[in-house]
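Letter by letter, the chains look like this.
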Amino acid sequence: MAIYPTTIANYAPWGNAQLAFEVGGHALTTDSDTGNTMQRPEIVEYLASLRIEAPSWNGQPGADNSSYRCSGRLLSPDRLDTRITNGSQAQAIINGYHGRFELVFDLEMDSFAYRDIRQSIQGTFRVIGGPGNG
């Protein structure tokens, strides 16, 4: 992930989550196999402060004990790109652990009423690797 160390340092110790969403870019390209025009993917990265809730799976068979619920606020940039929608997934590093973050919007929050604060963010984080693993 390419969030600058100075940005991370500016928000320490609160910036515990790096999120990288792949979205359809503004540039177009042509698929060499089909000849179809398509959007060139673009990576949009965020630094966020997220609280992690431990899973409550109680050792039940088939339960996913690698999935954590998270909520918090974006730090830099402070608003989500409009191309990122409910259910969008991002590569993530949260508290040093690598994984996948799936965005779930807080449907109770009126986004137009809260323009003066950093956007809240919620979702699930599925751990894929430990500290330092990619």
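Just so it is clear, the model here is predicted, and its values are computed rather than measured.

So, how was this worked out
Residues numbered from 1 in each chain as written. Predicted model: local features only at pLDDT ≥ 70, side-chain atom pairs only at ≥ 80, totals over all residues. Heavy atoms only, no water. Helix = DSSP H or I, 4+ residues; strand = E, 2+ residues; numbered from the N terminus. Contact = heavy atoms within 4.5 Å. Pairing = 2+ DSSP bridges. Axes fitted to C-alpha atoms, helices over the stretch in contact; angles between N-to-C directions. Phe/Tyr/Trp six-rings, centres within 6.5 Å; stacked < 30°, edge-to-face > 60°. Buried < 20%, exposed > 50% of the residue type's maximum accessible area, 1.4 Å probe, protein only. Core = buried A, V, L, I, M, F, W, Y, C linked by side-chain atoms within 4.5 Å. Salt bridge = Lys/Arg side-chain N within 4 Å of Asp/Glu carboxyl O.

Caption draft 1: Structural view of the overall build of the chain. Along its length, the chain carries one helix and six strands. Mapped from its N terminus to its C terminus, the chain presents α and β elements in the order α-β-β-β-β-β-β. Sequence separation of 24 or more characterises 63% of the internal contacts of the chain that already satisfy a separation of 6 or more.

Caption draft 2: Summary view of the sheet that holds strand β5 (residues 97-103). The six strands are arranged β1-β2-β3-β6-β5-β4 in a closed barrel whose pairing can be described as antiparallel. The average undirected angle you get between the axes of adjacent strands in this sheet is 40 degrees. Looking at chain direction, strand β1 (residues 17-30) and strand β4 (residues 89-94) are connected through five bridges and run antiparallel. Paired with alanine 20 across the bridge in β4 is glutamine 91.

Caption draft 3: Highlighting the packing of aromatic side chains. Summed over all chains, the structure comprises one aromatic pair. A ring pair is formed by phenylalanine 21 and tyrosine 46, whose centres lie 6.1 Å apart and whose planes are at 75 degrees; its orientation type is edge-to-face. Of this pair, phenylalanine 21 sits in strand β1 while tyrosine 46 is found in strand β2 (residues 37-53), placing the two residues 25 residues apart along the sequence. Taken as a pair, phenylalanine 21 and tyrosine 46 share a single burial class, namely buried.

Caption draft 4: Spotlight on the side chain of serine 67. Its place among the elements puts serine 67 in strand β3 (residues 67-76). Since its relative accessible area comes to 18%, serine 67 is described here as buried. Once residues lying within four places of it in the same chain are set aside, the contact partners of serine 67 are Pro55, Thr124, Phe125 and Arg126.

Caption draft 5: Geometry of the nonpolar core. By size, the foremost hydrophobic cluster in this structure holds 19 residues, and its most contacted members are Leu19, Phe21, Tyr46, Leu50 and Phe101. Counting residues per element, the ones that place at least two in this core are β1, β2, β3, β4, β5 and β6 (120-129).

Caption draft 6: Main features of the pairing of β3. When β2 meets β3, the two strands line up antiparallel, connected through seven bridges. For serine 49, the partnering residue across the bridge sits in β3 and is arginine 73. Inspection of the sheet shows β3 paired to β6 by seven bridges, in the antiparallel sense. Bridging across to β6, glycine 72 finds its partner in isoleucine 121.

Caption draft 7: Representation of the pattern of salt bridges. Per the stated rule, a full pass over the model turns up two salt bridges. Between glutamate 42 and arginine 83 there is a salt bridge whose closest N-O contact spans 3.2 Å. Of this pair, glutamate 42 sits in strand β2 while arginine 83 sits in the loop between β3 and β4, placing them 41 residues apart in sequence. We classify glutamate 42 as partly exposed; its relative accessible area is 30%. Taking relative accessible area as the criterion, arginine 83 reaches 25% and is therefore assigned partly exposed. Of the charged contacts, one joins arginine 83 and aspartate 81 as a salt bridge, the two residues approaching to 2.9 Å between their closest N and O atoms. Connected via shared salt-bridge partners are Glu42, Asp81 and Arg83.

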